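# Chain and residue survey
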Amino acid sequence: MENTNVKISFIVPVYNVERYLQECVYSIIEQKNYDKYKKNIEIILVDDGSTDKSGKICDCLCDQYSNIEVIHKKNGGLASARNAGLTIAKGDYIGFIDSDDRIDENCIPQIIQWINNTNVDICFMKTKKFFPNGREEDLGENIERRYILGKPKNEVVHYLSARPKYPGSACFKLYKKSFIDKYELRFPIDNRQAEDLGFTFDCILNAEEFDVLEIPYYEYRQQREGSITNTFSEKSFWDLTLFIEESVKKVCINRSPIDECCKYSLSFVAYEFVQLLLMLCKMKGKERINAKRFLKQYRWVMGYSNTKKIKLIKIVLNILGYSLTSKLLNYYVYKIR
């Protein structure tokens, strides 16, 4: 693709998603007034060593549409695929779309118009979840533009730290490409799950200007068979501990935050700590002992949470201990909520 007027590059990692891939791509190319904005859009499909028909579908789409690029690579995981897309992306801004998800049919004209009038590093986007039975619901990050746009960085990070959850997904945001390149921001290539948590953390720590586009944008598929987000494994627990360890090293010296922004960012770490606590009751034997040891070592991060829910969980943990608190969290998440 030789177009030098690309406003946004959508990077789509692809691995064995023949059932969903076309729906994902068509959600981009079947936008209203798409022909008007086609020259401003680049779609990069990164086939990460698929063993089904996904690679062939990528090639067929590339043959049909001049603004689709395809990379075929050896399987290296989601992070590796996104990094590969970043190396060739030409857009002023980057959007990551997982190949089993989709975007709203009316969002691109508004995004292009926004890009023409902005220079921020990160833009938070509205996201909804959709289920196999047709049900939809808002993701619940509750990020409002009036608290983000034009505000000092410390205020923005403080505001984000008080949201109900850590906005850790790479897909629910747009990123300025020159910002990503300036700080050499990339995803970790060690095949960890939740690989985007650290990338987002680094982006928030390095960014200076933020925005929110309060338009329907990302549509996040739920309950897909075979999705790693629908399954628990001991690996998912230990991979998440990597985010905890790495983030603490970035923002603390001897458990003391380096500055105010770093202090607020520890609230994101506290949120993911609670996700570990949620998983504890599913661990068995020696792994459960080691998991509890890790939780005890990093329990102090809960003291930096700015959310009421995690402060309440901290009180419950003090009273009931790790095992009972984990069981109670599971009951709340999977039985009540």
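Check the entry above for the structure.
What comes next is a walk through the structure. Since the structure is predicted, the reported quantities are computational estimates derived from the model, not experimental observations.

### Considering the pairing of strand 6 (residues 122–130)
Among the 9 residues that make up strand 6, 7 are buried, leaving the element largely enclosed by the rest of the structure. Where strand 6 meets strand 8 (residues 173–176), 3 bridges bridge the pair, whose relative direction is antiparallel. Bridge assignment links Ile 122 to a residue of strand 8, and that residue is Tyr 175. When strand 6 meets strand 9 (residues 210–221), the two strands line up parallel, connected through 9 bridges. What sits directly across from Lys 128, in strand 9, is Glu 219. Sheet topology note: the strand 6/strand 7 (residues 136–138) ladder contains 3 bridges and is antiparallel. Bridged to Lys 129 within strand 7 is Glu 137.

### Focus: a nonpolar patch on the surface
Where nonpolar side chains cluster on the molecular surface, the patch consists of Leu 312, Ile 315, Ile 319, Leu 320, Leu 324 and Leu 328 and spans about 590 Å² of accessible area. One can find Leu 320 in helix 12 (residues 308–336).

### As for the side chain of Lys 73
Its place among the elements puts Lys 73 in strand 3 (residues 68–73). Looking at Lys 73, its side chain comes within polar contact range of the side chain of Asp 48, at 2.6 Å. With sequence-adjacent residues up to four places away left out, Lys 73 is seen in contact with Val 46, Asp 47, Asp 48, Gly 49, Ser 80, Ala 81 and Ala 84.

### Thoughts on the packing of aromatic side chains
Using the criterion set out here, one finds 18 aromatic pairs in the structure. Taking 4.9 Å as the distance between ring centres and 80° as the angle between the ring planes, the aromatic pair formed by Phe 237 and Trp 238 counts as edge-to-face. Take Phe 237: its relative accessible area is 0%, and that puts it in the buried class. By relative accessible area, Trp 238 is classed as partly exposed at 24%. Over the face of the ring belonging to Phe 96 we find Arg 82, whose NZ or CZ atom lies 5.8 Å from the ring centre.

Definitions and cut-offs
Residues numbered from 1 in each chain as written. Predicted model: local features only at pLDDT ≥ 70, side-chain atom pairs only at ≥ 80, totals over all residues. Heavy atoms only, no water. Buried < 20%, exposed > 50% of the residue type's maximum accessible area, 1.4 Å probe, protein only. Helix = DSSP H or I, 4+ residues; strand = E, 2+ residues; numbered from the N terminus. Pairing = 2+ DSSP bridges. Patch = residues over 30% accessible without salt bridge, like charges linked within 9 Å, V, L, I, M, F, W, Y side chains within 5 Å. Areas by Shrake-Rupley, 256 points an atom, 1.4 Å probe, with all protein chains shown as cover. Salt bridge = Lys/Arg side-chain N within 4 Å of Asp/Glu carboxyl O. Polar contact = N/O pair within 3.5 Å; in protein donor to acceptor, adjacent residues only side chain to side chain. Contact = heavy atoms within 4.5 Å. Phe/Tyr/Trp six-rings, centres within 6.5 Å; stacked < 30°, edge-to-face > 60°. Lys NZ or Arg CZ within 6 Å of the ring centre and 35° of its normal.

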